[in-house]
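# Inside the fold
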Amino acid sequence: MAEVLAALGGAPALGKVKPVQWPPRYRSTERELLRLYRQQYWSFNGPQEKLFCAKFAAFQGAKHCVFMMNGTVTLEAALYVLGIGRGDEVIVPAITWVATAAAVVYVGAKPVFVDVDPETLCMDPVQVEAAITPQTRAIIPVHLYGAMADLDALQGVATRRNLSIIEDCAHAHGGAWAGNGAGTLGRIGSFSFQESKPLACGEGGAVITDDEELASRLYRYKHIGYPPGPRPRLEPGQRYSPPGFVCRNYRATEFQAVILLGQMRTLRRNTARRAVAAEYLRAGLEEIPGVRVQSPGRRADPQAYYRLVVTFQPEELAGASQAAIIRALAAEGLPTGPLYGTVYRHPLWNVAPENWRMVPTGADKMGECCAIAEDLSTRSIGIPHQWLLQPPPVLDAIAGAFRKLYRNRDALRRLEE
Ligand SMILES: Cc1ncc(COP(=O)(O)O)c(C=O)c1O
């Protein structure tokens, strides 16, 4: 019998595979949450938050961790405590979630978008060098979908040009570069624990750093200015922070910390499982003509995975669009999604043109810059990380679904809108 795409009425390649639930639900966490609800203090800096911060800092290999309400305010806090503000420029990659660049705008500075490396899809250090001006103060490499930006090269640029690195590790929990945990190679590492992330509590975020003074400033910034630990006695007229250090309430609660502590127990194991599954899938998928999988960072070990990014050469697939491929795979039983795309094209990016720029600055900003990011973001899709926790027969079925699309590439045309 002729094979038919599931989207056109055929049998799905993944059959009746049960998706892995994400975020996971652990009985022990349920009990802890109930206990907290009934007995304990709910707000900031409680025992659960302290325990989580100690564990997470140690896990990533940092001295300090400050817990906050999401991974956007963590970026803002990192920029603020480094003294970055009006008149300064901060270099960010063209493909990332809008928060990376929006945080720069929040502190009054100007985000400068640079193109990405075609293998890792992370910020290209050569482009960073070309983007530096006397106003540049910092670089925010994003370990996109878990692949690590080339931190050796970026550290070289940062040292030579006296810039700070803030690592956006919103996708890189458990990842490491040459034996150093993600987030420990720059001055501050920023993490998100939003619902879909490999460490997830609904909404949440944290910053890590080895610098005690920065940690103290980060804590005060998120805690309306109060320092960590017992409040010091103040002389009349004395204040907790220097004049002009205007702080926020960006605190998170004990409930989030309890959920994260539960997942910390499985994070190392799950990170390793995802990395093995990704390599297994990479081998299977790259046998298909025109299919490539995002490269791990050059010295990433382990590489964390938030998505497994698969890139297509449309000519090899009878010109199929990203949307048609996503539709076809969903019908085969594999939910995937498009990449973030370039930030400056995102419908949520409402920042006035004079408050950001791209490199090189062209007359037609959109057409002339970030060609690699523009190209790859329109012909790549991401497989959510929880699918990398599936057993080998399911991974085989995933690769089988992609092969099925290739064999039936002419029929994909019928899925175009
Ligand atoms: C790369 C990146 N940075 C920052 C964030 C912001 O994190 P949050 O959603 O926790 O504010 C995200 C969220 O998806 C992200 O993907």
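Within each chain, residues carry numbers counting from 1 in the order of the written sequence. Thresholds applied to this predicted model are a pLDDT of at least 70 for local features of residues and 80 or more for the giving and counting of side-chain atom pairs; totals over whole chains, interfaces and linings are not thresholded and use all residues.

### Let's talk about the environment of Glu 332
- With respect to the helices and strands, the residue Glu 332 is situated in helix H9 (residues 322–332).
- Put plainly, a residue is buried at 20 or more neighbouring C-beta atoms within 10 Å of its own, exposed at 12 or fewer, and partly exposed in between, counting only other residues' C-beta atoms, which are placed from the backbone. Overall, the presence of 23 C-beta atoms within 10 Å leaves Glu 332 in the buried class.
- With 62 residues separating them in the primary sequence, Glu 332 and Val 394 have C-alpha atoms 12 Å apart.
- A pair of residues counts as a contact when their C-beta atoms, built from backbone coordinates, are within 7 Å of each other. Setting aside chain neighbours within four positions, we find Glu 332 in contact with Ala 6, Pro 12, Ala 13, Leu 14, Ala 401 and Lys 404. Going along the chain from the N terminus, every DSSP run of H or I of four or more residues is numbered as a helix, and every run of E of two or more is numbered as a strand.

### Digging into the domain arrangement of the protein chain
- Where a domain begins and ends is set by an automatic assignment or by a domain database. Domain annotation for the protein chain reports domain 1 (27–261) and domain 2 (267–415).
- On the domain 2 side, the residues contacting the 40 residues of domain 1 number 42 residues.
- For the side of domain 1 that touches domain 2, the secondary-structure elements that each account for two or more residues are helix H4 (98–106), strand S3 (110–114), helix H5 (125–131) and strand S6 (176–177).
- At five residues, S3 tops the list of elements feeding residues into the side of domain 1 that touches domain 2.
- Note on residue classes: Ala, Val, Leu, Ile, Met, Phe, Trp, Tyr, Cys and Pro are nonpolar, Asp, Glu, Lys and Arg are charged, and everything else, Gly too, is polar. Of the residues in the side of domain 1 that touches domain 2, the class split is 26 nonpolar, eight polar and six charged.

### Section: unusual backbone geometry
- Cis geometry is found at the peptide bond from Trp 22 to Pro 23, where omega equals -5 degrees.
- Checked against the element boundaries, Pro 23 lands in the segment before helix H1 (27–39).
- Note that the residue after Asp 301, namely Pro 302, is joined by a cis bond; omega there is -5 degrees.
- Along the polypeptide, Pro 302 turns up in the loop between strand S10 (291–293) and strand S11 (307–312).
- The phi dihedral of Tyr 145 falls on the positive side, at around 60 degrees, and the residue is not glycine.
- By secondary structure assignment, the location of Tyr 145 is in the loop between strand S4 (136–139) and helix H6 (151–161).
- The backbone of Ile 224 shows a phi angle near 45 degrees, a positive value even though the residue is not glycine.
- Looking at the secondary structure, you find Ile 224 in the loop between helix H7 (212–222) and helix H8 (254–285).

### What to know about the site of the ligand
- Lining the immediate environment of the ligand, one finds 14 residues, of which Gly 71, Thr 72, Trp 97, Ala 170 and Ser 192 sit closest.
- Of the residues assigned to the shell around the ligand, the class counts are four nonpolar, nine polar and one charged. As a rule, any residue with its backbone-derived C-beta atom within 6 Å of a molecule or strand is reported as near that molecule or strand.

### Here's the deal with the sheet that holds strand S1 (residues 64–68)
- Reading across from one edge, S1-S9-S8-S5-S4-S2-S3-S13 is the order of the eight strands in this open sheet, with mixed pairing throughout. Lying at the two open borders of the sheet, with one neighbouring strand each, are S1 and strand S13 (357–358).
- In this analysis, strands are considered paired if DSSP registers two or more bridges between them. Where S4 and strand S5 (residues 164–168) come together, two bridges link them in parallel fashion. Across the sheet, residue Ala 138 finds its bridge partner in S5, namely Ser 164.
- Axes here refer to lines fitted to C-alpha atoms; in helices the fit is confined to the stretch in contact. Angles between the N-to-C directions go from 0 to 180 degrees. In the packing of helix H2 (residues 47–60) onto the sheet, contacts are made with S1, strand S8 (188–192) and strand S9 (205–209), and the angle to S1 comes to roughly 130 degrees.
- Along the sheet, H7 makes contact with S1, S8 and S9, crossing S1 at roughly 15 degrees.

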